[in-house]
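Listed below, chain by chain, are the residues.
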2 protein chains.
Amino acid sequence: MGISEPFDAAIEALIRRLSLRDHLPEDERNALRSAAVRSRNFAAGDDLVVQNSKPSVSMLIASGMVARYNIIDDGARQITAFHILGDFVDLHGFLLSRLDHSISALTEVTVVEFPHEALEHITEQYPHLTRMLWLSTLLDAAIHRQWLVAIGRTSAMSRLAHLFCEQFVRAGLVGLATQDSFPFPITQAQLADALGISPVHVNRTLQELRARAVLEWHGGIVSILDWPGVQSIGKFDEAFLDIEHRRR
Amino acid sequence: MGISEPFDAAIEALIRRLSLRDHLPEDERNALRSAAVRSRNFAAGDDLVVQNSKPSVSMLIASGMVARYNIIDDGARQITAFHILGDFVDLHGFLLSRLDHSISALTEVTVVEFPHEALEHITEQYPHLTRMLWLSTLLDAAIHRQWLVAIGRTSAMSRLAHLFCEQFVRAGLVGLATQDSFPFPITQAQLADALGISPVHVNRTLQELRARAVLEWHGGIVSILDWPGVQSIGKFDEAFLDIEHRRR
DNA sequence: CGAAAGTTTGAGGGGAATCAATGTGGGTGG
DNA sequence: CCACCCACATTGATTCCCCTCAAACTTTCG
C-alpha cells in the first residue's frame, strides 16, 4: 500500500514503461519504490530546477507537463524537451556536476523525488535496473536527435506535425492518450519555443493543419483526425521510440 | 605494454577525459583496458554503423573524425554529432535495441571495439565506472541540447561560431588542439548538414567570419584569431562542457 | 465586468534557400 | 610533366519561408 495516489501512479508508470523494454524483477521494482521519498507540487510557470544548479534529488513526473529549456542572452528561449507522467525529468542532474538547462512547469505539476544517494545505491546494488535507467536517458538523447533533424532540415509544418506525433505516441505509452487524442495543455508561444519558430507562424501553421483536416487542437486536447496524414507531413517514423515496445 | 599504438592511445584518451571528472581507480582503468578487443579501420565515407541495426560492439574513436546523422525521405541529411579521439561513439547501441541513426567516417578512421558482453560485465562489476560511462552519454545529450538551441534560435553565423567553439574546446580536452587551432577536416557541405543550413550559405557565412578576422579555416585546420570574438558571436558558454573539468 | 493572457490577422521586410555557373586545387593517367 | 578530371569552393541572381511589428479579437478568470 503506497503513500498516496499520484506518488504511486508515477512510479508504476515508470515501471510499466521500463517493463515494455525488458522484464523488471520484483526486487528491482521494490528498489525503485523505496528510493522515492516524497512528492512535491509546483504551480504552472514555476521552475523545478534552474540552470547551473546542482540538485540533490531527481524528479519523476507524476502529473502535469514540464519543459526543459535554455535562454540565450538576447532573451530568446529554446525548449529542448517536454516531459509527462512517468518521465524521469532530471536524471541528468544525478551525474552531471551542473545542470546545463532549466526545467519549468507548463501546468500544475506533481513530482516524486528520488534523492541522489538512493539512486547511487541503486547503481551499486542493481546493475540491471541501472542499465534500464541509463537507457531511459539514452531515449531522451534519441528524442533530442529527432528534434535536431526536424528543426534543422524540415519546414515549420513538418516540425509541428512531428512533435504532435511524438507526443501522441509517448502519451499513449503511459496511458494518457485515447485512440485518437491526447492532452497537450500548452500555449502556442511555448510550442513556438520548442519548434524554433515564431508564435505567429505557429498559429498560421496550425491553421493550415486544420485546413488539411489532419488534426484539431482545442482546450488543451489534440485530436488526430488522420493519423497517416500527420505522420506523413511530420515525416514521422516511430522506430526511435519503438524500442520501448520491444524486448531485447 | 599495449597491443598497438592507436589502440592504447584511444583508451588512454578516454581514461584521461573521464578522470577530469572524477578519479578513476586503477582497477577500473584496467577493466576498461581489458574490455577492448581489437581495433578496426575505416576509409573516409564508410559507414561505421547503419540506422536500425543492432550492433554487438561499441566503438571508441582512436583517430579521425566521424559523424552521426539521419537521412530524411526527401534526401536531406542532418548531422547530429561529430566525434573525435576518445569519444565513445555508439555507446548508445549498447542499450538501445536499434540504433536510431547512422554513423559514418568523415576521414580515415581507426576505432577500438568493445563487445557488449564486456560492457555488460563492467556494469555488473564496476558501479562507479558504469556511472562514468553513463555520464559520458549524458554529455552527448547535453551537446545535443546546445545544438538545438543554436539551430532553433540563432543565426547561421552564430551557429557556425558556436560549433567552432565547441570543437575547439573538445579537441583541447584530448590534446588535439594547440593554443589557438584545432583539426577540422571536413567539407563545407558536411558542415552545412550539421548546422541545418545550405552549403552555399555556409560559404558566405565563413567569408563573413573571415572578414571579421575572428578565425581562419584552411587545409583542415581552424585557427582561432580572436577567441573572445568567436565565443561572443557563437553565444558560447563552455559551462555545459566544463563539467568535465571539475570533480564532484 | 474588466483585465490579462492568449490567439488571430495584416503588412512589410529579411535571412537563407535554390538554381546555375564559374573558379580552383589536388590527384590521375597518358 | 602536363592535360584532364573531379570534388570542392565561390559567386550571382532570384525566390520564399518565416520574422517582426502592430493591432484587433477572444477567452479565461479574479
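Since we're looking at a predicted model, the values are computed, not measured. (Residues numbered from 1 in each chain as written. Chains lettered and ligands numbered in written order. Predicted model: local features only at pLDDT ≥ 70, side-chain atom pairs only at ≥ 80, totals over all residues. Heavy atoms only, no water.)

1. Describing the packing of helix 1 (residues 5-21) of chain A against helix 2 (residues 26-35) of chain A
Residue and element names in this part refer to chain A. Packing of helix 1 against helix 2 brings their axes to within 10 Å, and their N-to-C directions diverge by 145 degrees. Crossing of helix 1 over helix 2 shows right-handed handedness. Every residue of helix 2 that contacts helix 1 at Ile-11, Glu-12, Leu-14, Ile-15, Leu-18 and Ser-19 is listed here: Arg-29, Leu-32 and Arg-33. Grouping the amino acids of the contact of helix 1 with helix 2 by side-chain chemistry returns five nonpolar, one polar and three charged. (Axes fitted to C-alpha atoms, helices over the stretch in contact; angles between N-to-C directions. Helix = DSSP H or I, 4+ residues; strand = E, 2+ residues; numbered from the N terminus. Left-handed = near helix turned anticlockwise from the far one by under 90°. Contact = heavy atoms within 4.5 Å. Nonpolar A, V, L, I, M, F, W, Y, C, P; charged D, E, K, R; others polar.)

2. Some points on the interface of chain A and chain B
On the chain B side, the residues contacting the 55 residues of chain A number 55 residues. Approximately 5,200 Å² of surface area, both sides summed, lies buried where chain A meets chain B, with 62% of it carried by carbon and sulfur atoms. Of the charged contacts, one joins Asp-73 of chain B and Lys-235 of chain A as a salt bridge, the two residues approaching to 3.8 Å between their closest N and O atoms. Linking chain A with chain B are 22 residue pairs in polar contact (both at pLDDT 80 or more). When contributions to the side of chain A that touches chain B are tallied by element, the ones reaching two or more residues are strand 4 (66-71), strand 5 (77-83), helix 3 (92-95), helix 4 (116-125), helix 5 (127-153), helix 7 (188-195) and helix 10 (239-242) of chain A. In terms of residue count, helix 5 of chain A provides more of the side of chain A that touches chain B than any other element does, 20 residues in total. Partitioning the side of chain A that touches chain B into residue classes produces 23 nonpolar, 15 polar and 17 charged. (Buried area = accessible area lost by both parts, 1.4 Å probe. Salt bridge = Lys/Arg side-chain N within 4 Å of Asp/Glu carboxyl O. Polar contact = N/O pair within 3.5 Å; in protein donor to acceptor, adjacent residues only side chain to side chain.)

3. Some remarks on the protein's contact with DNA strand D
The environment of DNA strand D is formed by 15 residues, the closest being Ser-198 of chain A together with Gln-188, Asn-203, Arg-204 and Gln-207 of chain B. A breakdown of the atoms of DNA strand D within 4 Å of the protein gives sugar and phosphate a share of 67%. A distance of 2.6 Å is found between a phosphate oxygen of DNA strand D and a side-chain nitrogen or oxygen belonging to Gln-188 of chain B. Ranked by residue count, the leading element in the surface near DNA strand D is helix 8 (residues 199-211) of chain B, at five residues. For the surface near DNA strand D, the per-class residue count stands at four nonpolar, eight polar and three charged. (Near = heavy atom within 4 Å.)

4. Some thoughts on the domain arrangement of chain A
Residue and element names in this part refer to chain A. On domain assignment, one finds that chain A holds domain 1 (4-133) and domain 2 (147-241). Of the residues lining the interface, 17 residues belong to domain 1; the matching set on domain 2 comes to 17 residues. Here domain 1 packs against domain 2, burying approximately 1,400 Å² in sum over the two surfaces, 64% of which is carbon and sulfur. Scanning the region where domain 1 abuts domain 2 turns up two salt bridges. Its salt-bridge partner being Arg-170, residue Asp-87 comes within 3.2 Å of it at the nearest N-O pair. Our count for the domain 1 to domain 2 interface comes out at six residue pairs in polar contact (both at pLDDT 80 or more). Here the side of domain 1 that touches domain 2 takes seven residues from strand 5, the largest share from any one element. (Domains from an automatic or database assignment.)

5. What about the UniProt feature "domain: HTH crp-type" (unreviewed entry) in chain A?
Taking the numbering used here, the UniProt-annotated feature "domain: HTH crp-type" (unreviewed entry) corresponds to residues 154-228 of chain A. With 55% helix and 15% strand, the stretch residues 154-228 of chain A has end C-alpha atoms that lie 18 Å from each other. (UniProt positions renumbered as here; feature names shortened; annotations may be inferred.)

6. Considering the sheet that holds strand 8 (residues 181-183) of chain A
All names here are of chain A. Judged by pairing direction, the sheet is antiparallel, and its three strands sit side by side in the order 8-10-9 without closing on themselves. Here the strands that pair on one side only, and so sit at the sheet edges, are strand 8 and strand 9 (215-218). Direction aside, the axes of adjacent strands within the sheet are offset by 15 degrees on average. Summarising the sheet, strand 9 and strand 10 (residues 221-224) pair through four bridges and their orientation is antiparallel. By the bridge assignment for strand 10, His-218 is matched with Ile-221. Strand contacts of helix 6 (residues 156-173): strand 8, strand 9 and strand 10, with the helix running at about 85 degrees to strand 8, the strand carrying the most contacts. (Pairing = 2+ DSSP bridges.)

7. Quick notes on the protein's contact with DNA strand C
Neighbouring DNA strand C are 15 residues; Gln-188, Asn-203, Arg-204 and Gln-207 of chain A together with Ser-198 of chain B lie closest to it. Atoms of DNA strand C within 4 Å of the protein: sugar and phosphate make up 67%, bases the balance. Within the side chain of Gln-207 of chain A, one N or O atom sits 2.6 Å away from a phosphate oxygen of DNA strand C. Between DNA strand C and Ala-156 of chain B, the relevant distance is 2.9 Å, taken from a phosphate oxygen to a main-chain nitrogen or oxygen of the residue. Of all the secondary structure elements, the ones that give two or more residues to the surface near DNA strand C are helix 8 (199-211) of chain A together with helix 8 of chain B. Sort the elements by how many residues they give to the surface near DNA strand C and helix 8 of chain A lands first, with five residues. Residue composition of the surface near DNA strand C, by class: four nonpolar, eight polar and three charged.

8. A closer look at the relation of the copies chain A and chain B
Under the fitted operation, chain A is carried onto chain B by 0.0 Å of movement along the axis and a turn of 180 degrees, and the coordinates agree to an RMSD of 0.0 Å. Taken together, the rotation and translation describe the operation of a two-fold axis. In terms of proximity to the rotation axis, the leading residue of chain A is Ala-141 of chain A, whose C-alpha is 2.5 Å off the axis. Looking at chain A, 100% of its interface residues are interface residues in chain B too, so the copies touch through the same face. (Least-squares fit on C-alpha atoms with pLDDT ≥ 70 in both.)

9. Examining the pairing of strand 3 (residues 57-63) of chain B
All names here are of chain B. Most of strand 3 is tucked away, with six of its seven residues classed as buried. Examined bridge by bridge, strand 3 and strand 7 (residues 109-115) share six bridges and lie antiparallel to one another. By the bridge assignment for strand 7, Met-59 is matched with Glu-113. (Buried < 20%, exposed > 50% of the residue type's maximum accessible area, 1.4 Å probe, protein only.)

10. Structural notes on the nonpolar core
By size, the foremost hydrophobic cluster in this structure holds 150 residues, and its most contacted members are Phe-82, Phe-164 and Phe-184 of chain A together with Phe-82, Phe-164 and Phe-184 of chain B. The contact partners of Phe-164 of chain A, leaving out residues within four places of it in the chain, are Phe-182, Phe-184, Leu-191, Leu-206, Leu-209, Leu-215, Trp-217 and Val-222 of chain A. (Core = buried A, V, L, I, M, F, W, Y, C linked by side-chain atoms within 4.5 Å.)

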